[in-house]
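# Inside the fold
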Amino acid sequence: MRYVVCIKQVPETTDVKINPETNTLMRDGVVSIINPFDMYAIEEGLRLKAKTGGTVTVLSMGPPQADAALREAIAMGADDGILLSDRAFAGSDTWATSYTIAMAIRKIGNFDLILCGKQASDGDTAQVGPGIAVHLDLPQITYVRKIESIDDKTIVAERLMENGYEVIQSPLPCVLTVVKEINEPRLPSLKGKMAAKKAVIPCWKAVDLQCDPKCIGMEGSPTKVVKIFTPPARQGGEVMKGEPSEIVPQLVAKLKDAILGASH
Amino acid sequence: MSDPIKITEKCVFCGMCVKACPFGAITQAQKKTAPVIDLQKCTLCGSCVVACKFDAIWMKEKSSSGIDLASFKDVWVFAEQHEGVIQSITFELLGEGRKLADSLGMKLCAVLLGNNVQARADELIARGADKVYLVDRPELAYFQDESYANVLIELVKKHKPNVFLCGASTIGRSLVSRVAVPVNAGLTADCTGLAIDPVTKNLLQTRPAFGGNIMATIEAPNSRPQMSTVRHKVMKEAEVNPARKGEVCLETIADVLLQCRAKRLKFIPEVETTTNIAEANIIVAGGRGMQTAEHFGMLRELADVIGAGVGASRAAVDSNWIAYSHQVGQTGKTVCPKIYIAVGISGQIQHLAGMQSSDIIVAINKDPDAPIFKVATYGIVGDLFTILPLLTREFKKVLGK
Ligand SMILES: Cc1cc2nc3c(=O)[nH]c(=O)nc-3n(C[C@H](O)[C@H](O)[C@H](O)COP(=O)(O)OP(=O)(O)OC[C@H]3O[C@@H](n4cnc5c(N)ncnc54)[C@H](O)[C@@H]3O)c2cc1C
Ligand SMILES: Nc1ncnc2c1ncn2[C@@H]1O[C@H](COP(=O)(O)O)[C@@H](O)[C@H]1O
């Protein structure tokens with residue numbers, strides 16, 4: 001079985017700030033990590049491999065530095081990594097990103113299961129996983145919280161819904177997006193770290209993927225960011241100290257109308 | 001391939017572009033030297049082109065998509081239903097959609113997919129829809145990604161809407177991501193603000209990114225429909241007006257489009273009564289300070305009294321005190337209720353990412369320096385085991401329960 005895991009390198013949220021003077025994003029000195037949800041996707045790929053045999057390939061589209069994210073996944077146990085990096089990819093939105101990744105997966109060839117995180121912590125779109133699925137004309141199971149069974153033809157998985165969960169059966173190949181509940185990601189092993197150091201990570205460019213130039217980067221992106229700004233800072237309000245028996249009724253008095261208004 | 005953006009000889013090294021770049025992609029080694037654009041960081045947003053007073057930045061023009069934008073009419077809303085019950089997010093979309101349709105001078109239409117849901121169409125009309133596209137088939141009784149997406153793709157191609165709104169719910173996000181690709185539409189996720197540009201008539205879609213630390217406004221100038229998913233509880237629900245009149249269009253769909261490769265074998269509803277915290281107007285959330293699973297009973301009691309859903313921090317979920325579907329934050333759910341009451345939650349950035357846009361935040365924590373107080377509208381410094389029972393009792397009294 002061949003498992004392909006799509007991972008994105010993202011800044012650690014805590015570090016993203018806007019320069020108050022220029023109102024621009026400050027990314028210097030920002031630590032990059034693997035998107036938290038993608039850690040669960042990697043772990044699930046590794047667990048499935050342990051069960052069925054096969055290989056786990058990690059794939060990332062991004063700047064050359066994303067190489068580090070791929071190596072981290074290899075240190076966890078992934079067999080190999082592929083980087084998609086090309087100036088021609090600059091300005092990609094989720095349409096163009098999912099197209100590019102889908103083209104890379106086509107090039108990889110005989111894959112059985114594609115694993116993605118539920119969403120990336122920078123853009124929070126949750127659009128790339130299903131986007132890859134449609135570009136490849138594959139079925140999808142999103143928000144997977146458990147894989148019940150897998151063989152070389154079929155997968156049965158539980159999908160977390162807002163009011164419960166569904167059990168879904170799909171033929172392979174298929175695209176999964178996973179949530180945190182699915183597992184507990186492992187730490188890299190010493191052996192893994194060695195492998196990660198030595199790994200040769202190919203960098204595929206638009207020409208290698210035989211991409212249609214109209215479908216990548218800015219050309220292939222219907223959406224465009226026209227402005228970014230800091231949301232009005234939330235002000236800390238009133239902190240109430242004192243005897244609980246006195247302040248609790250005060251708080252309730254302040255909230256009463258809002259509660260009555262909200263319960264309609 | 002040549003670079004899509006360049007700084008030309010007209011540059012006088014003033015550095016305005018460096019300041020203008022929202023992504024920090026332009027740097028100047030020293031004052032009065034040529035600025036350099038880092039194409040890995042550049043998103044081609046064009047801010048620098050606008051900022052440059054010397055016309056010195058050249059950016060490749062996106063070739064026009066060649067589609068006739070004017071042929072796309074009307075504002076569509078996807079009507080999400082669970083077991084025949086229209087979800088409240090749909091009413092929020094109709095409220096917002098009505099405004100957009102009016103400012104575009106277009107019709108507001110709802111798209112309803114389901115089985116035996118014909119009667120629900122009137123509900124959508126009463127909430128402002130001028131027209132309801134209805135596909136009523138046993139195969140559509142419950143949501144399935146492929147069949148639902150196939151139907152929507154078909155309808156979009158046939159009727160060509162200008163704007164297409166959908167809830168940023170579990171179903172909504174899974175579904176429209178599959179629709180936007182084949183119809184070549186721009187899709188913006190989890191919007192919290194929508195408006196029509198008075199000049200271009202494009203849809204301006206504003207949404208939080210980086211866990212709400214920044215906001216971005218996004219347009220899809222050359223493609224139609226303009227698709228967005230919209231966050232729960234941000235837009236105001238449309239009022240009910242039973243006297244409103246509207247048209248119901250029964251759509252027929254080819255059987256083959258209703259086939260799904262991925263099949264639902266069963267659905268297991270969650271036991272907790274008020275589960276869907278994304279839809280809750282009030283949330284009472286507990287963190288590590290709650291200490292045990294049993295103590296969450298205290299939160300549920302308060303929640304019952306004030307009609308709230310129960311949320312939790314990751315620490316509480318990881319301790320197995322409550323199911324993951326209740327986790328609020330970066331690796332859980334994003335919520336935007338009218339009132340969020342955080343009990344024994346310190347307020348780390350990953351938690352705030354999921355709740356800081358709530359209207360009123362109440363924090364109960366014994367540590368006066370807990371970061372949650374920095375965002376709380378009202379904070380009580382004290383022991384939750386004393387305060388929570390008092391709070392429940394007081395609310396019972398005041399609300400007459
Ligand atoms: C990649 C990543 C993703 C994450 N995603 C999320 C996420 O989605 N959601 C999330 O919540 N967290 C997330 N976290 C974890 C987050 O960083 C915090 O660790 C977590 O939110 C802490 O939960 P807490 O506030 O309940 O616990 P703590 O930080 O331990 O805080 C407990 C609070 O309870 C107070 N307290 C204790 N006893 C009492 C008492 N008797 N009375 C009153 N107050 C009391 C304490 O003063 C303290 O402030 C994530 C972390 C990472 C690294
Ligand atoms: N640039 C990328 N490279 C590889 N995988 C990605 C990339 N962007 C998104 N993904 C995958 O798609 C998922 C959803 O991302 P998003 O739609 O951006 O929220 C992520 O969790 C990844 O698995």
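## Focus on the overall build of chain B
Along its length, chain B carries ten helices and 22 strands. Each principal axis of the C-alpha atoms in chain B carries an extent, and together these give about 70 × 60 × 40 Å. The buried share among the 401 residues of chain B stands at 60%. In chain B, the proportion of contacts linking residues at least 24 apart, taken out of those at least 6 apart, comes to 63%. In the structure as shown, chain B presents an accessible area of about 16,100 Å², 53% of it carried by carbon and sulfur atoms. A distance of 4 Å separates the average location of the 45 positive side-chain charges in chain B from that of its 40 negative side-chain charges.

## Here's the deal with the overall build of chain A
The helix and strand tally for chain A stands at six helices and 15 strands. Counting only C-alpha atoms, chain A reaches 65 × 45 × 40 Å along its principal axes. Considering chain A as a whole, with its 264 residues, one finds that 57% of them fall into the buried category. A total accessible area of about 11,000 Å² is found for chain A, and carbon and sulfur atoms account for 52% of it. Computed over 30 positive and 32 negative side-chain charges, the inter-centroid distance for chain A is 3 Å.

## So, the environment of B:Cys52
Mapped onto the secondary structure, B:Cys52 falls in the loop between helix H2 (47–51) and strand E4 (57–59). Separated by 30 residues in the primary sequence, B:Cys52 and B:Pro22 have C-alpha atoms spaced 14 Å apart.

## Thoughts on the site of ligand 2
All names here are of chain A. Close to ligand 2 lie 17 residues; Cys6, Asp38, Met61, Ala120 and Thr125 are nearest. Here a nitrogen atom of ligand 2 and a backbone polar atom of Met61 are 2.8 Å apart. Sort the elements by how many residues they give to the shell around ligand 2 and strand E6 (residues 55–61) lands first, with three residues. Considering only residue class, the shell around ligand 2 consists of nine nonpolar, six polar and two charged.

## Some points on the sheet that holds strand E15 (residues 238–240) of chain A
Either a parallel or an antiparallel arrangement is found when strands of a sheet pair, and the pairing is made through backbone hydrogen bonds. Taken together, six strands build an open sheet; the order of strands is E15(A)-E22(B)-E21(B)-E20(B)-E18(B)-E19(B) and the sheet is parallel. Each having just a single partner strand, E15 of chain A together with strand E19 (309–312) of chain B make up the two edges of the open sheet. Pairs of neighbouring strands in the sheet enclose a mean axial angle of 20°, with direction left out of account. Note: strand E18 (residues 282–286) of chain B against E19(B), four bridges, orientation parallel. Counterpart to B:Ala285 in the pairing with E19(B) is B:Gly311.

## Details of the interface of chain A and chain B
Residue-level contacts link 97 residues of chain A with 109 residues of chain B. Taken together, the two surfaces of chain A and chain B that pack against each other cover about 9,200 Å², and 62% of this comes from carbon and sulfur. Contact with chain B buries area across many residues of chain A, yet A:Glu162, A:Lys180 and A:Arg234 alone supply 10% of it, more than any other trio. The interface formed by chain A and chain B contains 42 residue pairs in polar contact (both at pLDDT 80 or more). Of the residues forming the side of chain A that touches chain B, the biggest block, 14 residues, is contributed by helix H6 (residues 244–262) of chain A. Taken together, the residues that form the side of chain A that touches chain B break down as 47 nonpolar, 29 polar and 21 charged. As paired strands, strand E14 (residues 224–229) of chain A and strand E14 (residues 214–219) of chain B are joined by five bridges and run antiparallel to one another. Looking at the pairing, A:Lys227 lines up with B:Thr217 of E14(B).

## Brief notes about the site of ligand 1
Around ligand 1, a shell composed of 26 residues is seen, among which B:Arg288, B:Ser313, B:Thr331, B:Ser346 and B:Asn365 lie nearest. In this structure ligand 1 sits where residues from chains A and B come together. Between ligand 1 and the protein, one listed contact pairs a nitrogen atom with a side-chain N or O atom of B:Thr331 at 2.7 Å. The contact in question runs from a nitrogen atom of ligand 1 to an N or O atom on the backbone of B:Leu384, over 2.8 Å. Compared with its free state, where it exposes 980 Å², ligand 1 has 80% of that area covered by protein.

## What to know about the sheet that holds strand E13 (residues 203–204) of chain A
The strand order across the open sheet built from ten strands is E13(A)-E7(A)-E6(A)-E1(A)-E8(A)-E12(A)-E9(A)-E10(A)-E11(A)-E17(B), with neighbouring strands paired in mixed fashion. The strands lining the two open edges of the sheet, one partner per strand, are E13 of chain A together with strand E17 (263–269) of chain B. Helix H1 (residues 36–52) of chain A rests against strand E1 (2–6), E6, strand E8 (113–117), strand E9 (140–150) and strand E12 (174–178) of chain A of the sheet, and its axis sits at about 150° to E8(A). Where helix H3 (residues 94–108) of chain A meets the sheet, its contacts fall on E1, E6, strand E7 (80–84), E8 and E13 of chain A, and the angle it forms with E6(A) comes to roughly 145°.

## Quick notes on empty space enclosed by the protein
One pass over the full model with this rule turns up seven cavities of 30 Å³ or more. One number sums up the size of the largest cavity: a volume of about 340 Å³. Lining the largest cavity are 21 residues; nearest its centre among them are A:Lys118, B:Thr170, B:Gly332, B:Lys333 and B:Thr334. Across the lining of the largest cavity, the residue classes tally to seven nonpolar, eight polar and six charged.

## Considerations on the nonpolar core
Counting 44 residues, the largest nonpolar core has B:Phe296, B:Ile306, B:Val343 and B:Phe395 as the members making the most contacts within it. Here this core takes seven residues from H6(A), the largest share from any one element. If we ignore the near neighbours within four places in the chain, the residues touching B:Phe296 are B:Gly286, B:Met290, B:Val310, B:Gly311, B:Ala312, B:Ala316, B:Trp321 and B:Ile322. Counting residues in each nonpolar core, the second largest holds 39 residues, with A:Ala69, A:Ala75, A:Leu83 and A:Val144 among its members.

## Topic: the domain arrangement of chain B
All names here are of chain B. Considered domain by domain, chain B is made up of domain 1 (5–59), domain 2 (69–258) and domain 3 (282–399). Spacing between the C-alpha centres of domain 2 and domain 3 amounts to 33 Å. Taken together, the contacts link seven residues of domain 2 with seven residues of domain 3. When domain 2 packs against domain 3, close to 510 Å² is buried across both sides, 47% of that on carbon and sulfur atoms. In terms of surface lost to domain 3, no three residues of domain 2 exceed Gly211, Arg231 and Lys233, which account for 70% of the buried area on that side.

## Quick word on the pattern of salt bridges
This structure, assessed with the given rule, holds 30 salt bridges over all chains. Here A:Asp80 makes a salt bridge to A:Arg2, at a shortest N to O gap of 3.9 Å. Here A:Asp80, found in strand E7, pairs with A:Arg2, found in strand E1; they are 78 residues apart in sequence, far enough to count as distant. The exposure class assigned to A:Asp80 is partly exposed, which follows from its relative accessible area of 29%. One salt bridge connects B:Arg173 with B:Asp190, and the closest N-O pair in it is separated by 3.5 Å. Highlighted residues: B:Arg173 in helix H6 (residues 170–180) and B:Asp190 in strand E11 (residues 186–191), separated in sequence by 17 residues.

## Some points on unusual backbone geometry
Peptide bonds are trans in most cases, and residues, glycine excluded, mostly fall at negative phi. Backbone torsion omega between A:Leu172 and A:Pro173 reads -5°, so that peptide bond is classified as cis. By the secondary structure assignment, A:Pro173 is in the loop between strand E11 (164–171) and E12. Of note, the amide linkage connecting B:Arg224 to B:Pro225 takes the cis form, showing an omega dihedral of -5°.

Procedures and definitions
Residues numbered from 1 in each chain as written. Chains lettered and ligands numbered in written order. Predicted model: local features only at pLDDT ≥ 70, side-chain atom pairs only at ≥ 80, totals over all residues. Heavy atoms only, no water. Helix = DSSP H or I, 4+ residues; strand = E, 2+ residues; numbered from the N terminus. Buried < 20%, exposed > 50% of the residue type's maximum accessible area, 1.4 Å probe, protein only. Contact = heavy atoms within 4.5 Å. Areas by Shrake-Rupley, 256 points an atom, 1.4 Å probe, with all protein chains shown as cover. Lys, Arg positive; Asp, Glu negative; His and termini not counted. Charge placed at Lys NZ, Arg CZ, Asp CG, Glu CD. Near = heavy atom within 4 Å. Polar contact = N/O pair within 3.5 Å; in protein donor to acceptor, adjacent residues only side chain to side chain. Nonpolar A, V, L, I, M, F, W, Y, C, P; charged D, E, K, R; others polar. Pairing = 2+ DSSP bridges. Axes fitted to C-alpha atoms, helices over the stretch in contact; angles between N-to-C directions. Buried area = accessible area lost by both parts, 1.4 Å probe. 1 Å grid on protein atoms, 1.4 Å probe; cavity = no way out; pocket = protein on both sides within 12 Å on 5 of 7 lines; lining within 4 Å. Points joined across faces, edges and corners; volume = space filled by probe spheres on them. Core = buried A, V, L, I, M, F, W, Y, C linked by side-chain atoms within 4.5 Å. Domains from an automatic or database assignment. Salt bridge = Lys/Arg side-chain N within 4 Å of Asp/Glu carboxyl O.

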